[in-house]
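# Coordinate analysis (summary)
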Amino acid sequence: MGASSYRAVVGSIAAIPAAFYGYAFLKSWISLRSMPSASVGIDLDVFSYGIIHAAIAFSLALMALFVREKLLNVIVTAVALACQLACVGITAGALCADACGLVFLQPYLGSAGVVAFSSLWVNLYAKLNPVRATFLNVASIVLAQAFVFVSEDSSTGRMLVILAVLPLLSAGCAFASLRSCPDAGMRVERLGSNRFLPIRAVLFVAACSFAYRVASSELAVLDERYASAIPAVLLLILLLVDTKKFSVASLFRMVFPLMLVGFLLVALLPDFLGRVAGTAFQAGYGAMSIMVVMLVCTVSYGSNTSGYWLFGMLAGTQFLSTSVGSLAGTHVVAVAGEGGYIALCIAAVVAVVLTGFAMMAEKDVFSLWGVGLGKGVQMLGSSQREAGGSSGKEVDGGKDRGAFETSGSIAIRINSLAASHGLTEREVEVVFLAVQGKTNSQIGQDMFISLGTVKAHMSHIYRKLDVHSRKELMALVGVRDAGGSSS
């Protein structure tokens, strides 16, 4: 990656407003809420928690189909804040008065607040390019665990104050982010709407979540929350050192072996080695949770699909599968004994392998994994739209020469390349026109620039993407060469 491209990406990351780190306050609240000093002894089992989380996530996904995003943002923020504050209030009442008639609502309110706030933040991150969004996600995880580490020994009173303040800080940051919501400098304006569901990714998440709960999560060297922070630290380092090597594919290659190998070795290795394998297994699950957010942000950014819809479906699948895995493991052990449990573990491993290889079978992780539940994605360079297109007419179903209707996979791929290789917005527009098979002369006419400027843009694009011809550019993006010449 060239120095200028590296500086462009790092500069893009550094330009993120501080308010976007408000996700760390939510993650801190999730961890601190389970501390002994903040507990009233009312807790639900893994199955019940998973069902509640899944129901809320799926509900938000469905709401995204019928409610305008601006209104949904306000509703989700208000509901999440109210639920979390009510949860803390009930906890304080139970701890202080040693009795509270509403204490049974505490876990339900906490779950609703967590899922709602998570959906809001992921939808906010989806407005940024995938590199910036993933940097924010992993940085928030690291910051949250650091805050938890210094706060976990707090007294009961101080812990309750912290738990009451954190939702307010997260909501304040969310409203500040909603007001600014800056686009990434390398983003292309999008038209139309899409209902996209990455089926293979959903199946892989379901298989990994099921396997995670089937296996014992207690056999680990580190606490679960710290083990899940390991991949966040590694990804943060990778992002800062070499952004060119970062992609959903690289994250998937981290998740797959950690989940599979860790799962197999937990039962085979004795004592300390088994706990090390268990830590790797938990780290793999943490990496998968990061991958869920990255998938949502990447697909939403490139295909104009609602972040609420994507996160609701993927996260809902994750929560539901953990519940099913927990129930299945407990039931099989009780009914079929050790032999039945081993058979269930084998089935879980097979499911992870099959769904993992189904994803690996694609040309790259940015391919169209699933099905489009709506129209294709219409792309239009922002500078060209401002100029009114080559003919000064409105876009008409993709017939205008300035509009580009393409599948979600190509849109995602181009946006990802732009984010990771430091393409400017103007250069991205040139790429979109070039992959349609337009000549340099036609590109110049559409963009109202000279032929020499087009050639200069193409030269910069070739250098940044490390390609040497229009044919190689087409192959990199995933489009067959339309046969257009380069002049």
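Residues numbered from 1 in each chain as written. Predicted model: local features only at pLDDT ≥ 70, side-chain atom pairs only at ≥ 80, totals over all residues. Heavy atoms only, no water.

### Observations regarding the nonpolar core
Counting residues in each nonpolar core, the largest one holds 90 residues, and the members touching the most others are Trp121, Tyr125, Phe204, Met291 and Leu314. Counting residues per element, this core draws most heavily on helix H13 (residues 307-360), which supplies 17 residues. Once you skip the residues sitting within four places of it in the chain, Phe204 turns out to touch Phe252, Val255, Phe256, Met291, Val352, Thr355, Gly356 and Met359. In terms of nonpolar packing, the next biggest core, distinct from the first, is built from 24 residues, Ile414, Leu417, Val428 and Ile461 among them. (Core = buried A, V, L, I, M, F, W, Y, C linked by side-chain atoms within 4.5 Å. Buried < 20%, exposed > 50% of the residue type's maximum accessible area, 1.4 Å probe, protein only. Helix = DSSP H or I, 4+ residues; strand = E, 2+ residues; numbered from the N terminus. Contact = heavy atoms within 4.5 Å.)

### What about the environment of Leu354?
Within the element layout of this structure, Leu354 appears in helix H13. In this structure, the C-alpha to C-alpha distance between Leu354 and Phe204, residues 150 residues apart in sequence, is 8.5 Å.

### Remarks on the packing of aromatic side chains
Under the defined criterion, the tally for this structure stands at four aromatic pairs. With a centroid separation of 5.5 Å and an interplanar angle of 80°, the aromatic rings of Tyr23 and Tyr125 are classed as edge-to-face. With Tyr23 in helix H2 (residues 23-32) and Tyr125 in helix H5 (residues 106-125), this pair connects stretches of sequence that are 102 residues apart. Grouping residues by exposure puts Tyr23 and Tyr125 together as buried. (Phe/Tyr/Trp six-rings, centres within 6.5 Å; stacked < 30°, edge-to-face > 60°.)

### Observations concerning a nonpolar patch on the surface
Taken together, the side chains of Phe47, Ile51, Leu320, Val324 and Leu327 define a hydrophobic patch exposed on the protein surface, amounting to about 370 Å² of accessible area. Looking at the nonpolar patch, the elements that each hand over two or more residues are helix H3 (46-63) and H13. Element by element, the count of residues in the nonpolar patch is highest for H13, at three residues. With respect to the helices and strands, the residue Ile51 is situated in helix H3. With relative accessibility at 33%, the residue Ile51 sits in the partly exposed group. (Patch = residues over 30% accessible without salt bridge, like charges linked within 9 Å, V, L, I, M, F, W, Y side chains within 5 Å. Areas by Shrake-Rupley, 256 points an atom, 1.4 Å probe, with all protein chains shown as cover. Salt bridge = Lys/Arg side-chain N within 4 Å of Asp/Glu carboxyl O.)

### Remarks on the confidence of the model for the protein chain
Looking at the protein chain as a whole, the pLDDT averages 75, with 71% of positions reaching at least 70. Here residues 363-408 is modelled with pLDDT under 50, and outside its nearest four sequence neighbours on either side it reaches 119 contacts, counting other chains as well. The low-confidence segment residues 482-487, where pLDDT is below 50, has 12 contacts with residues more than four positions distant or belonging to other chains. (pLDDT = per-residue confidence, 0-100.)

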